[in-house]
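Tertiary structure, described
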Amino acid sequence: MPYSAEISRQQPTAILFLLDQSASMQEPFGGAEKTGDAAPSRARVLADTVNDLLQNLVLRCAKEEGVRDYFHVGVIGYGQRVRRLVQPTEEYDPGTGLVPISHLADRPQRMEQRVKEVDDGDGGTTETRVKTPIWFDPQAKNGTPMCQALDLAAQSVRDWIDQHPHSFPPIVLNVTDGEATDGDPLRYAQELRSFATDDGEVLLFNIHLSASEEAPVELPSAADEVPTDDEYAEVLFQMSSRLPFSMRSAAEQEGYSVTLDTRGFVFNADPVSLVTFLEIGTRPSNLR
Amino acid sequence: MSATAGPDSSGGDASAVDARVWAVSKGDANADAYEDAAHVRAEAWPVRAAVADGATESAFAGAWAERLACGVVEEDATTPEALRRAVPAWQAAWRDAVRERAAGRPWYVEAKAEEGAFATLLGLSLRAGGQWRAVGVGDCCLFRVRDEALVRSWPFDAGETFTNRPALVPSRPSQTPPTPEAASGEWRAGDTFVLATDAVAAWLLNSEAPVGPATVGAWNEEQFRRAVEQGRTENTLRNDDATLLVAHVTEPPSPGPETAAPPMNQS
């Protein structure tokens, strides 16, 4: 059965984020104007969300003796330029742009003190300052070179698969708020998804961030579930892989109804559905 | 690597119960701490035994599994009510020990310590008068074998029943623990009780595996280790910590109050 490879340190998997950093990401989410001028930009929400998610991925792999390399992780930003936002250290560069998660854990750009509510040990909560790692900051400039980003992602996963031919295949999560400005992304997405390990083809999931007040369309199973008057929604639907078994289970636990045809795609995502879907999309299977 | 439970794991020579614990940690080139735990106190009535399985995604999970298995045996916390009463003190002991170990470590070790650990748990108590009772949270399994035949499998009786999301006992007091399940019955001389953590339990219940709960009582530690290696190679046994506790009752129940029943070397 595909997408069932055990994830271990000998057989890690890869998670690669592609983050839209185009100028339109300076705007807040659709509907945010209701909340006033203080609404954060989509770029800020996305950077915070992905930094939080990287922190959670590290914590899923952390044991008392250190961080186990169940995952190799990459982040590619695309806007003014297409560039890797996390870099391997000089002494350990596997050449794929995907960094073992223990290296990521030990090398955040900086640690920030943030106020967090924690248990007071007596049934209530209390506010405390916790150390929070930050790997990259928000950016929003120029166009949306998504095709170049998908191409760089394809190079990364191809090289990574050469080194890990039996692993659960790489998961690529593309988060964008607009249309590609450098070509037809479907062709690049198909190329990216054509690479495979013994356990299955590369998984590409797409999250389209909302610029409108429309309700999100989450995890559609058929093309007619996405807005039919939006050609771009149809393209992103076609670009997206079907969810493998483990992620269908994770989606069901989050309350979604799923089928064998359910795609890893959210259209018009609000911040809540962004977080929820990234959580589901980074749950390949249990770690060993 | 194999690991065995602590010094109280072997049966006392005065006991009517012969108990053995075998354990093989998950097969991995980077062998890590074994995160199951097993304890047994067989030298006096009531005989108590427990196995626990620390959840892989939590840190300091082996210490939590150890605290739970040891606590059940020391305090005979083998009813849901007794377990519910006992857990808060074990949680406090775990928190104090782990805070000390995590202090000054990298941000993720401190964060994991704050997140707490989780474990499944199974406890068994055999009373001198011939009764047994068990308490469990999650997917550790109890098998009762008589005349080389499986007569009870609890809480699961099929390998397919195991999921990746068992109920777990949390180390953090703020997280509501699942309601423990309970079972009880009568034992007689010659009965064998087998306690297994989930991977071994699913393997013993797998109809395609050449092993079963009724066969393990005759094994020795070396046979267990070899069977585990073979099961992993043949993919009938999941690559996880493998722990088996076998308690064989050699004498019939004693009538009368438990304290009057031999053997009497109560600790």
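Residues numbered from 1 in each chain as written. Chains lettered and ligands numbered in written order. Predicted model: local features only at pLDDT ≥ 70, side-chain atom pairs only at ≥ 80, totals over all residues. Heavy atoms only, no water.

Naming follows an unreviewed UniProt entry, where chain B appears as PPM-type phosphatase domain-containing protein of Salinibacter ruber.

Per an unreviewed UniProt entry, chain A goes by VWFA domain-containing protein and derives from Salinibacter ruber.

1. Description of the overall build of chain B
Secondary structure assignment for chain B yields five helices and eleven strands. Sorting the 267 residues of chain B into buried and exposed places 55% on the buried side. When contacts within chain B are restricted to residue pairs at least 6 apart in sequence, long-range pairs at least 24 apart make up 73% of them. Summing over all exposed atoms, chain B offers an accessible surface of approximately 11000 Å²; the carbon and sulfur share of this is 49%. (Helix = DSSP H or I, 4+ residues; strand = E, 2+ residues; numbered from the N terminus. Buried < 20%, exposed > 50% of the residue type's maximum accessible area, 1.4 Å probe, protein only. Contact = heavy atoms within 4.5 Å. Areas by Shrake-Rupley, 256 points an atom, 1.4 Å probe, with all protein chains shown as cover.)

2. Looking at empty space enclosed by the protein
All names here are of chain A. The tally for this structure, following the rule as stated, stands at two cavities of 30 Å³ or more. Space inside the largest cavity adds up to approximately 50 Å³. Counting only elements with at least two residues in the lining of the largest cavity, the list comes to strand E1 (13-20) and helix H1 (42-61). When residues of the lining of the largest cavity are assigned to their parent elements, the largest contribution, three residues, is made by H1. (1 Å grid on protein atoms, 1.4 Å probe; cavity = no way out; pocket = protein on both sides within 12 Å on 5 of 7 lines; lining within 4 Å. Points joined across faces, edges and corners; volume = space filled by probe spheres on them.)

3. Examining the nonpolar core
Within soluble globular proteins, side chains that are nonpolar generally end up buried alongside one another. Residue and element names in this part refer to chain A. The biggest cluster of nonpolar side chains holds 86 residues, and the ones touching the most others in it are Phe 17 and Leu 54. Examining the composition of this core, we find that eleven residues originate from one element, H1, more than from any other. Among all residues touching Phe 17, those that are not within four sequence positions of it are Val 50, Leu 53, Leu 54, Leu 57, Val 73, Gly 74, Val 75, Ile 76, Leu 173, Leu 278 and Thr 282. Ranked by size, the runner-up nonpolar core spans 32 residues in total, among them Cys 147, Val 172, Met 239 and Phe 267. (Core = buried A, V, L, I, M, F, W, Y, C linked by side-chain atoms within 4.5 Å.)

4. Quick notes on the sheet that holds strand E11 (residues 242-249) of chain B
Residues and elements named next belong to chain B. Here five strands make up an open sheet; going across it, the order is E1-E11-E10-E6-E7 and the pairing antiparallel. At either end of the open sheet lies a strand with only one pairing partner, and these are strand E1 (17-24) and strand E7 (149-154). Each strand of the sheet is rotated relative to its neighbour by a mean of 15 degrees, with strand direction disregarded. (Pairing = 2+ DSSP bridges. Axes fitted to C-alpha atoms, helices over the stretch in contact; angles between N-to-C directions.)

5. Quick notes on the environment of Ala218(B)
Residue and element names in this part refer to chain B. Tracing the sequence through the fold places Ala 218 in the loop between helix H4 (198-204) and helix H5 (221-233). A relative accessible area of 68% means that Ala 218 is categorised as exposed. Put simply, Ala 218 and Leu 244 are 26 residues apart on the chain and 13 Å apart in space, counted from C-alpha to C-alpha.

6. Details of the packing of H1(A) against helix H7 (residues 271-281) of chain A
Helices that pack against each other are described as a pair by the angle of their axes relative to one another and the distance between those axes. Residues and elements named next belong to chain A. Here H1 crosses H7 at 30 degrees, and the two axes come no closer than 11 Å. Between H1 and H7, the interaxial angle falls into the category roughly parallel. For the crossing formed where H1 meets H7, the hand is right-handed. Here Val 45, Leu 46, Thr 49, Val 50, Leu 53 and Asn 56 of H1 come into contact with H7, specifically with Pro 271, Leu 274, Val 275, Leu 278 and Glu 279. (Parallel < 35°, antiparallel > 145°, perpendicular 65-115°, else oblique. Left-handed = near helix turned anticlockwise from the far one by under 90°.)

7. A closer look at the pairing of E7(B)
Residues and elements named next belong to chain B. Pairing analysis gives five bridges linking strand E6 (residues 141-146) to E7, with the strands arranged antiparallel. When the sheet's bridge partners are listed, Phe 143 is paired in E7 with Ser 153. Connecting E6 to the next strand, E7, in antiparallel fashion are two residues, including Asp 147 with a positive phi near 50 degrees.

8. Things to note about the pattern of salt bridges
Applying the stated rule across the entire model yields 29 salt bridges over all chains. We note a salt bridge from Asp76(B) to Arg133(B), for which the minimum N-O separation is 3.5 Å. Pair noted here: Asp76(B) is in the loop between helix H1 (61-75) and helix H2 (80-102) and Arg133(B) is in strand E5 (residues 131-137), with a separation of 57 residues, a long-range link. When its relative accessible area of 11% is taken as the criterion, Asp76(B) is described as buried. With relative accessibility at 25%, the residue Arg133(B) sits in the partly exposed group. For the salt bridge of Asp191(B) with Arg144(B), the shortest nitrogen-to-oxygen distance reads 3.4 Å. Placement of the pair is Asp191(B) in the loop between strand E9 (181-186) and strand E10 (192-196) and Arg144(B) in strand E6, with a sequence separation of 47 residues. Residue classification places Asp191(B) among the buried residues on the basis of a relative accessible area of 0%. The structure contains a network of salt bridges with shared partners spanning Lys63(A), Lys26(B), Glu35(B) and Asp241(B). (Salt bridge = Lys/Arg side-chain N within 4 Å of Asp/Glu carboxyl O.)

9. So, the interface of chain A and chain B
Listed per partner, the contact involves 27 residues of chain A and 28 residues of chain B. Both sides of the chain A and chain B interface together cover about 2500 Å² of buried area, and 44% of this is carbon and sulfur. Applying the counting criterion to the chain A and chain B interface returns three salt bridges. The closest approach of N and O atoms between Glu110(B) and Lys131(A), which form a salt bridge, is 3.6 Å. One can count nine residue pairs in polar contact (both at pLDDT 80 or more) joining chain A with chain B. At the level of secondary structure, the elements contributing two or more residues to the side of chain A that touches chain B comprise H1, strand E2 (62-63), strand E3 (66-67), helix H2 (101-106), strand E7 (110-119) and strand E8 (125-134) of chain A. Tallying contributions element by element places H1(A) first for the side of chain A that touches chain B, with four residues. Of the residues that constitute the side of chain A that touches chain B, the class distribution is ten nonpolar, five polar and twelve charged. (Buried area = accessible area lost by both parts, 1.4 Å probe. Polar contact = N/O pair within 3.5 Å; in protein donor to acceptor, adjacent residues only side chain to side chain. Nonpolar A, V, L, I, M, F, W, Y, C, P; charged D, E, K, R; others polar.)

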